[in-house]
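Report on the structure
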Amino acid sequence: MSLLLTLAGGLGLFLFGMSFMSQGLQKAAGAKLRNVLTAISSNKYVAVLFGALFTAIIQSSGATTVMVVTFVNAGLMDLVQAVGIIFGANIGTTITAQLVSFNLTAVAPVILLVGVVMFLFIKGPMFKKIGEVIIGFGSLFMGISMMSAAMSELNNYPQVIGALSKLTNPFLAILVGLIITVIVQSSSVTVSILLLMAGQGLVSLPVCFYFILGCNIGSCTPAVMASLGAKKDAKRAALIHVLFNVFGMIIISVILIFAMQPFTAFIQSVSGGSIKRCVANTDTIYKVFQTIIFLPVSNQFIKLVNRLIPGDDKEQKGFTLEYINHSTIFSPTAAVIEAKSEISRMGDMAEENLKLAMHCFTDGDREKIDRVYATEKYIDYLTHEITNYMVDVNQQQLPVSDSLKIAGLFHVVSDIERIGDHAENIVDAAVQIQEQGIEFSKKALKELHEMFEKDMRIITLSLEMFDSENKEHLDEILALEEDIDRMEKELHNSHIRRMSKGKCSPESGLIYTDLVTGLERVADHATNIAFSMVDMDSM
């Protein structure tokens, strides 16, 4: 019983350390790494290198591939860009086993102490995140120390030795590695535990060779789960990850069947005779080998997944979220991207609805009026759903810069929703004009359309700034906002002059005044959207 408790405690500490270190790294550097990831992924060879580096830093291929699936779903990355990062992530995840293969358990308590001191006593959110990383790193090796001590005693239990001896069947070894990794959702964990077992002589190298192949396939679980309910391209990205490891398992299994002894000798020669190093190096060599043979034919991977998952996404009926998927795995480094993509979609919808509303004011088309009202209900739905999502996200552990951005995104949602409300107000005015037979002078209509055109321009520029996070249009937006403020005063004065000359009726005058005021407020909301990007960029 004491042995089992020690083993379980060591495993728990190891899993805690892995998770805490990965989360800390994502919170400390995830947002900046994510931005680089999307910027350089157009070159698949560079994408492989950065995918490996990114995954090695955050210690989780699952987090990387989930992020890639999310980016593909959001339209920020296509399959050509995704394939290199996915291949690289498979290489980067082997860094954990490499670290575990070195004997760092003696300094683990010191590492843990340094992390605790940083986390508890040094002020500043970034220092606390780094402290979390160091705490996780120290806990990981403390867990390894406990598990190693417990495993050294397992040789005294014939039942354990008998059970492990059955893994000499290659198919069974692959299957067990697959199942365990699916359960823990991390090949880094299963390969690290396998490494410790091999170090205590509980499993042989040939068993490890096949076991790792199963672990590699099981590591696809997070990406597959993230693609459930997502768009077809996101599903295809997850399938590329699966095929990379399934095809790799088939090819390497054939090599092992016909060349086990030469392969074993090669691994031992590059590992200096250390069984732990042999296991860690095998994991890395597998992934590098697979990338070398698969990267030149990556376009064929894309063609294959397009055949296996054919067609385009069906247009969803009713109100739906396009980029936020509550049924998939939550990815801290992708959460703000999902929200921002959905907000951009909502902004485009509000912009088009405002344009349609103004057409309704001109021609009084009843069908268009109904479309504006229907779209406004859709915008209200998106406002509610996106806000709820961001409230949930804000309670999670996010990268530091993303946590600061959330407040700005709340304001953007509110501003877009208000623009949608003004579109509805314009249509309400159109209905009133129709029902009461109200007429406007040509001069009044011309003034409204001139102000409206400036409104559409400032909305377009502000949404472009929000999407691209580029300040290029800021000066033009500020100039337009001042121009619209000036126009509001001039149009109100012009309206008063027409009223005094009897050229406008009191009824049309009230509607005109409300419309001019509403269009000025639309410009204010658009400017707020642009400045939300500036504020976020300065955080």
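All values reported here derive from a predicted model rather than from experimental measurement.

When helices and strands are counted, the protein shows 21 helices and zero strands. For the protein, the proportion of its 539 residues judged to be buried stands at 54%. Look at the contacts in the protein between residues 6 or more apart in sequence, and 81% of them connect residues 24 or more apart. If you sum the accessible surface of the protein, you get close to 23700 Å²; carbon and sulfur atoms cover 61% of it.

Now for the packing of aromatic side chains. For any pair of aromatic rings, the description consists of the separation of the ring centres together with the inter-plane angle of the planes. According to the stated counting rule, one finds 11 aromatic pairs in the structure shown. For the ring pair Phe50 and Phe54, a centre distance of 6.2 Å and an interplane angle of 45° mean the geometry is tilted. One end of the pair, Phe50, and the other, Phe54, are both in helix α2 (residues 44-58), four residues apart, so they sit about a helical turn from each other. Through successive ring pairs, a cluster of aromatic residues spans Phe87, Phe244, Phe247, Phe294 and Phe301. The aromatic ring of Phe466 is capped on one face by Lys340, whose charged end is 4.6 Å from the ring centroid.

Relative to the elements of secondary structure, Ser462 occurs in helix α19 (residues 442-468). Residue Ser462 is classed as buried on the basis of its relative accessible area of 1%. Ignoring any residue separated from it by four or fewer positions in sequence, one finds Ser462 in contact with Ile477, Ala526, Thr527, Ile529 and Ala530.

The interhelical angle for the contact between helix α4 (residues 79-92) and helix α13 (residues 232-270), taken along N-to-C directions, is 40°, at an axis separation of 10 Å. Between α4 and α13 lies a crossing of right-handed hand. Residue-level contacts link Leu79, Val83, Ile86, Phe87 and Asn90 of α4 to Asp233, Arg236, Ala237, Ile240, His241, Phe244 and Asn245 of α13. Of the residues belonging to the contact of α4 with α13, the class tally is seven nonpolar, three polar and two charged.

Once that is clear, we can look at the nonpolar core. By size, the foremost hydrophobic cluster in this structure holds 66 residues, and its most contacted members are Ile343, Leu354 and Phe361. Elements that contribute at least two residues to this core include exactly α16 (332-363), α17 (366-394), α18 (400-436), α19, α20 (474-500) and α21 (506-537). Ranked by residue count, the leading element in this core is α16, at 13 residues. For Leu354, the residues in contact, after removing those within four places along its chain, are Ile419, His422, Ala423, Ile426, Phe452, Met456, Ile459 and Val522. Membership of the second largest hydrophobic core comes to 43 residues, among which are Met147, Cys208, Leu256 and Val279.

What follows concerns α2. Along its 15 residues, α2 runs 21 Å from first to last C-alpha, staying within 8% of the 21 Å computed at 1.5 Å per residue. By the burial criterion, the buried members of α2 are Lys44, Ala47, Val48, Phe50, Gly51, Ala52, Phe54, Thr55 and Ile58. At the C-terminal side of α2, Gln59 shows a positive phi close to 60°.

Conventions used here
Residues numbered from 1 in each chain as written. Predicted model: local features only at pLDDT ≥ 70, side-chain atom pairs only at ≥ 80, totals over all residues. Heavy atoms only, no water. Helix = DSSP H or I, 4+ residues; strand = E, 2+ residues; numbered from the N terminus. Buried < 20%, exposed > 50% of the residue type's maximum accessible area, 1.4 Å probe, protein only. Contact = heavy atoms within 4.5 Å. Areas by Shrake-Rupley, 256 points an atom, 1.4 Å probe, with all protein chains shown as cover. Phe/Tyr/Trp six-rings, centres within 6.5 Å; stacked < 30°, edge-to-face > 60°. Lys NZ or Arg CZ within 6 Å of the ring centre and 35° of its normal. Axes fitted to C-alpha atoms, helices over the stretch in contact; angles between N-to-C directions. Left-handed = near helix turned anticlockwise from the far one by under 90°. Nonpolar A, V, L, I, M, F, W, Y, C, P; charged D, E, K, R; others polar. Core = buried A, V, L, I, M, F, W, Y, C linked by side-chain atoms within 4.5 Å. Expected span 1.5 Å × (residues − 1).

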